[in-house]
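# Architecture and fold: a report
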Amino acid sequence: MKTVKLYNFLTRKKQTFKPIRKNRVNFYACGPTVYWHAHIGNLRTYIFEDILRRTLKYNGYKVKQIMNITDVEDKIIRKAKKEKKKIHEITEPYTKIFFEDLKKLNIEKAEQYPKATKHIKEIINIIKKLLKKGFAYKGKDNSIYFDISKFKNYGKLSRLNKKNIKIGARIEADEYNKENIQDFVLWKSKKPGEPSWSSPFGNGRPGWHIECSAMSMKHLGGEQGRTIDIHSGAIDLLFPHHENEIAQSEATTGKKFVNYWIEGEHLLVNEQKMSKSLGNIYTLRDVEKNSFSPLAFRYLILTSHYRSKLNFTWKSIKAAQSALNNIYEFIQDINREAKIVKNPKIIKIYENNFLTSINDDLNTSKALAIFWKVIKDKNISSSTKKQLLLEFDKVLGLGLNKIKKTENKIDKIPQKIKDLAGQREKLRANKQFVPADSLRKKIESLGYKLEDTAAGSTVLRK
Ligand code: AMP
Ligand code: ZN
C-alpha cells in the first residue's frame, strides 16, 4: 500500500495518513442543509470529498463514508414558516435534488446518508451525558448550552484567540464568527410555530452542531469511544461547527473524536465567497442552462487544489468544457481502434507519477497534467493510453468508462452540420440565445439533433 499524505487542520501539517484499523477508513463528511438547491460552492466541496474517497479506495482502503443530511435547522425553519409549510415539505424535494446533483457530477455514493430528524434519541442521550458530567447547563431561556469554559481544549482545531471568548455569554443561533466565541446551544427550547420533540429537558429541537456529533458517533463507532479517521467539510465549518463538534463529542466520551480534519477552500464569485446569504450563487441548473455539462464543472474543480480558493467564471467553465470535449473525442477515437495490449514498463512509470500526485494531499491539477501527458505522448500506443486513462479516471471520475456507448453515433456527422453547431456554440457563448435556438431548429430540420451530454453539446443523428 502506498503512502497517502493529507493536510490535517488539527496539526496544521501535511501528514502521512494512518488509519486506526488496518486498510479501513471511517470518514464523515458534513452534508447539505436541504432548504434550497446546493450551490456550486457546496458542490465543489462534495467533489473534493469524492476525490478523497476515491483516492483512499484507489490505494486499497475499504472506505466507510457517512454524509449527513441536515433536515432540521434555523434556515430550514425560517423558510418553512415563510412558505407556511411543514419542514419535511421543504427538505424532501431538496434532498432529492441533492442526490440528482451528486449523480450528475459522478460523485460516488457514500455508504449512508443519515438524517438529523431520525437521530433525536441519540442527540438527547449525548445532551443527557453532557448535563450529568457538568459540561452543559440550562439557560434562562430553557435552552441547553455547552459551557466552553469546562472543556479545556476548546479552540484546539480553529486555534482560537482566547481573548475573543465572551465569558458567561451564550448564543442560540447556530452560525456565528470567531470574534464571538461563547457558550453554544445544544437544545433549543420550543418556540411557537417551530417543530419540536419531547425530551427530559423540555420540548424543543437540537442545535445544528450536536446533530453532526450524534450522527458521526452513531455510524462510525464514536458511541463506543472509537476515534473516527477523517472528518471533512469546507473551511467555513472549522469554526464554530467543527470546533463545537469536537467539544461535545470529546466531553461525552473522554476520547479523541477525530484524527484528521480535512477542510476544503471556498469557491468564489468576483473574489467573494459564494453563499446563499450574499446572493451570489449559481446552481448546477444554471451551469446546465448555459449549456455546460456538470462534468465540465467537475473538470474545472479538479484543475485547482482543494485547499486553494477558486474564482468561478463562465470563461473558466467554457475552457473546462472544451478540454473535456477534447478528452472525450480522444477516448472515442481510441475506443474504435484500440484493444488493450499490456505495456508494463511505461504503464508503471505513469501510474506511479499519477499515484504520487494524487497521494500528495490530493493534487488533482498535477494528476490532470499527467493525464494530458499520456494523451500527448507520441511514444506509447493507443491501447496503453486507453488503459492508463481509464485507470486514472477511477480517481478523477470524468465518466470515461461510459463513453463507449455513444461511439457509433458520434461520427459521420457532415461538416456542414458540424459548422452549424459550431456557429450555434459561438452565439450561445455571446448569450445570443434566440438566433442560437433558430440554428438548433435548422440542425434538427436537417435530420440531426443536439444533445447536451456529459461531453457538452453533441451532434447526433436523429
Ligand atoms: P451547507 O449546505 O450550507 O451546510 O453547506 C454544505 C457544504 O458546503 C459545507 O461543507 C460547507 O462548508 C460547504 N460550502 C459552503 N459554501 C461554500 C463555498 N463557497 N465553497 C465551497 N464550499 C462551500
Ligand atoms: Zn456537520
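Residues numbered from 1 in each chain as written. Chains lettered and ligands numbered in written order. Predicted model: local features only at pLDDT ≥ 70, side-chain atom pairs only at ≥ 80, totals over all residues. Heavy atoms only, no water.

## Some thoughts on the coordination of the zinc ion (ligand 2)
On the protein side, the zinc ion (ligand 2) has Cys30 (SG), Cys212 (SG) and His241 (NE2) as donor atoms, found 2.0 to 2.2 Å from it. Of note, the zinc ion (ligand 2) draws all its donor residues from one chain, in the sequence arrangement C-x181-C-x28-H. Taken together, the residues span a long stretch of sequence, with Cys212 in helix H5 (residues 208–220) and His241 in helix H6 (residues 238–253) at a distance of 29 residues. (Donors = N, O, S within 2.8 Å, 3.2 Å for Na, K, Ca; no water. Helix = DSSP H or I, 4+ residues; strand = E, 2+ residues; numbered from the N terminus.)

## So, the nonpolar core
Phe146, Tyr154, Ile230, Phe297 and Ile327 are the most contacted members of the largest nonpolar core, which totals 129 residues. Residue contributions to this core peak at 8 residues, all from helix H1 (residues 40–58). Mapped onto the domain boundaries, this core takes at least three residues apiece from domain 1 (19–264) and domain 2 (269–402). Here Tyr154 is in contact with Ile148, Leu160, Lys162, Tyr176, Ile181, Phe184, Phe239, Glu243, Asn244 and Ala247, once residues within four sequence places are set aside. Counting 10 residues, the second-largest nonpolar core is a separate cluster that includes Leu420, Ala436, Ile443 and Tyr448. (Core = buried A, V, L, I, M, F, W, Y, C linked by side-chain atoms within 4.5 Å. Buried < 20%, exposed > 50% of the residue type's maximum accessible area, 1.4 Å probe, protein only. Domains from an automatic or database assignment. Contact = heavy atoms within 4.5 Å.)

## Side note on the domain arrangement of the chain
On domain assignment, one finds that the chain holds domain 1 (19–264), domain 2 (269–402) and domain 3 (415–461). On a C-alpha basis, the centroid separation for the pair domain 1 and domain 2 is 31 Å. Counting residues at the interface gives 31 residues for domain 1 and 41 residues for domain 2. For the pair domain 1 and domain 2, the summed buried area comes to about 2900 Å², and 63% of that belongs to carbon and sulfur atoms. Ranking the residues of domain 1 by area buried against domain 2 places Ile40, Arg44 and Tyr58 at the top, with a combined share of 28%. Taken together, the links from domain 1 to domain 2 amount to 4 salt bridges. Measuring nitrogen to oxygen at the nearest pair gives 3.0 Å for the salt bridge that ties Glu288 to Lys104. Counting every contact that joins domain 1 to domain 2 gives 14 residue pairs in polar contact (both at pLDDT 80 or more). (Buried area = accessible area lost by both parts, 1.4 Å probe. Salt bridge = Lys/Arg side-chain N within 4 Å of Asp/Glu carboxyl O. Polar contact = N/O pair within 3.5 Å; in protein donor to acceptor, adjacent residues only side chain to side chain.)

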